[in-house]
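Residue strings, one per chain:
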Amino acid sequence: MALVSADESPKGSPLDWYDVAAPDRPFSIHASPPPSRHPSPLSHNSFSTQLTCGDRVIPSPIPDDTSLAPHPFNKATADLVLRSRNGLNFRVRSQIIIEASPILDTKLSDLQRSIQCGGSAPILDIAADSSTLELLLRLCYPIVNPPLNDLSLDRLETTLRAAFEYEMELPVQVLVEELLRRDAMLVWCVACRNDQEDVARRAAKHMVALASLDLKSCDDLTGISAGRLYRLRKFVRLRGAVDESFRFGRLSGPDTTNGLAPPTYTFVLPESASPPDVILQSSDGCAYNAHQDVLCTISTVLCSQISAELCTSGRQVGKKGRQVGKKGHRCKRSTVQIQLEDAGAVLSVLLAFCYRLESDVLGRISPSTLAAVIAAANKYDMHRLLPDLRACWSSISRHEPLRSYFAAAKLCLPEFAAQSARDVLKVKLDECYLPEMEDTSAEIYCRLLTYYESCQAVARTLLAASTRQVPQPEPPQQHPIHSPRPCTPTPCSTRPPTPSIPLRSRSLDWLEEIIKLHSDTVNDCPGCLEPPAVSPYETATAKELWCPSCQSFAEKLADFSRALKEAPRRVSEVSFPY
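Keep in mind it's a predicted model, so treat the numbers as computed, not measured.

A.B. asks: Account for unusual backbone geometry, with residues named and values stated.
C.D. replies: The amide bond that connects histidine 71 to the next residue, proline 72, takes the cis arrangement and shows omega of 5 degrees. Structurally, proline 72 can be placed in the loop between β4 (56–59) and β5 (80–83). Of note, the phi angle at aspartate 381 is positive, near 60 degrees, even though the residue is not glycine. Mapped onto the fold, aspartate 381 is located in the loop between α13 (367–379) and α14 (386–399).

A.B. asks: Let's hear about the sheet that holds strand β12 (residues 336–339): which residues, and what values?
C.D. replies: Read across the sheet, three strands follow the order β9-β8-β12 without closing on themselves; strand pairing throughout is mixed. In this open sheet, the two edge strands, each paired with only one partner strand, are β9 (287–290) and β12. Neighbour-to-neighbour, the strand axes of this sheet turn through a mean angle of 25 degrees, independent of strand direction. In this structure, strand β8 (residues 278–281) lies alongside β9, joined through four bridges in antiparallel fashion. Within β9, the position partnered with isoleucine 279 by the bridge is asparagine 289. The strands that helix α11 (residues 300–311) touches are β8 and β12; relative to β12, the one it contacts most, it runs at about 130 degrees. On the sheet, helix α12 (residues 344–354) packs against β8 and β9 and is oriented at approximately 15 degrees with respect to β9.

A.B. asks: I'd love a proper account of the pairing of β8, names of residues and values included.
C.D. replies: Successive side chains on a regular strand alternate, one facing one side of the sheet and the next facing the other. Of the two faces of β8, the one lined by Val278 and Leu280 and the one lined by Ile279 and Gln281 are each fully buried. Between the antiparallel neighbours β8 and β9 lie five residues, among them glycine 285 with a positive phi of about 90 degrees. Sheet analysis places β8 next to β12, joined by four bridges and oriented parallel. Along β12, the bridge assignment pairs valine 278 with valine 336.

Conventions adopted
Residues numbered from 1 in each chain as written. Predicted model: local features only at pLDDT ≥ 70, side-chain atom pairs only at ≥ 80, totals over all residues. Heavy atoms only, no water. Helix = DSSP H or I, 4+ residues; strand = E, 2+ residues; numbered from the N terminus. Pairing = 2+ DSSP bridges. Axes fitted to C-alpha atoms, helices over the stretch in contact; angles between N-to-C directions. Contact = heavy atoms within 4.5 Å. Buried < 20%, exposed > 50% of the residue type's maximum accessible area, 1.4 Å probe, protein only.

So, in structure tokens, the structure goes:
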């Protein structure tokens, strides 16, 4: 925010205006009396000021009326000018601004102490555009304002961000009330981006009251971490019943910004290997010995870099990575040093795969390190390593699916992120939190949540379709005294059914219990729904829960058995929204 000491900033050079080349002649500012309250069209709506430097008089430029804001921010009697980013001047009462914004109060006090002259209207340059600044000032002024429901969400959000920046409590309260009626998720996002914990909690409580958390309603999750979004979902799921210490802000913990765990594996050439002829230098100062023929066979990119280094000494890489002279004859090998952009932890593992030592790596590296290795293999065109890297990734992802997903998604590895997302289906995602989520964008987490919920919906729909219109037990019919009673079907088992509970009702109770058990499994983790070793049809027969006459129950049981077998395939067909 720039501070200017005259009624309007001059169009000339500041050095000419202040005449700082003559420090022995002090300058002063004189302001003429303000014009009439309602000036004529020919007059200017601004103070007419003069600068004097010794005997020299320097008039200050006066902007035309087009640079002034509309009423009531164009009055000549105002004692402060707020200039928007697009150059519109708002003449305001400093006392109103001082009470409305502690930030502007401090800036204005610093300006007045630095100028120490009367009669001039200070100018404060505001970073907001004119429409945003005008709405802020209207909310601060004691005037009647147009209804906010006519304004777009984008304009309200922009103004709310500016109100947070300048700590204007009244505009914040009014704008939050209006936005909560439209989109509580948007209010929560803006509050989190500006570290406004109280407003974020208020928006979250509004979501609890509405019993909804629609992540699709917020198009912009920029600046929101996955950790904040995880805590919002927890807050809504618990219906706000959290401890007083609960905060949406960042949790204190280990720094995971770089995404790489401390190196636990260091590459060393096998003892049986020939002497090395290339040294790879990492970005963090580590050096690794290797062989030119191995690297040139696997990577065309590294082969080009090695060739460029050899050309400086009059040599080149021949067939099979061998060094040859200018005439193509083999010559004595010389060691080449190659500087790479990757960290030592990444290069060490990458070389292990180049030398077929991946068995030494398993169990000793983190998903973030392996993801960086895969990204490096793509960068250096090492396509031959991808099958082994995929196998290693599958092993790590099965043990740490969520951490693997975040690592692959942050490095834009869609194939590996999708694989880890499928592995996440076998865990209870609502209960999973990792420190990495504080440095992971909410967009990455939101894609996973969308995929997870889509798989849940597919499995639920399949189970519901298989159990729709389950027949209920029919009440016993009253028969006339002289009419013969209908024949009761003989059950398959010789064991008589419990007299107090009809056989058909007991069967349906058992089926509903089995259905609920599998439905709960889908709600917890949709990837855990697997067809049982013994089908429900066979289980019901073993429990003697139905007889040949219970045709309707048997049909429903068969449908449910087919649904259990079909559910894993349907879930696997859901595409990951990368």
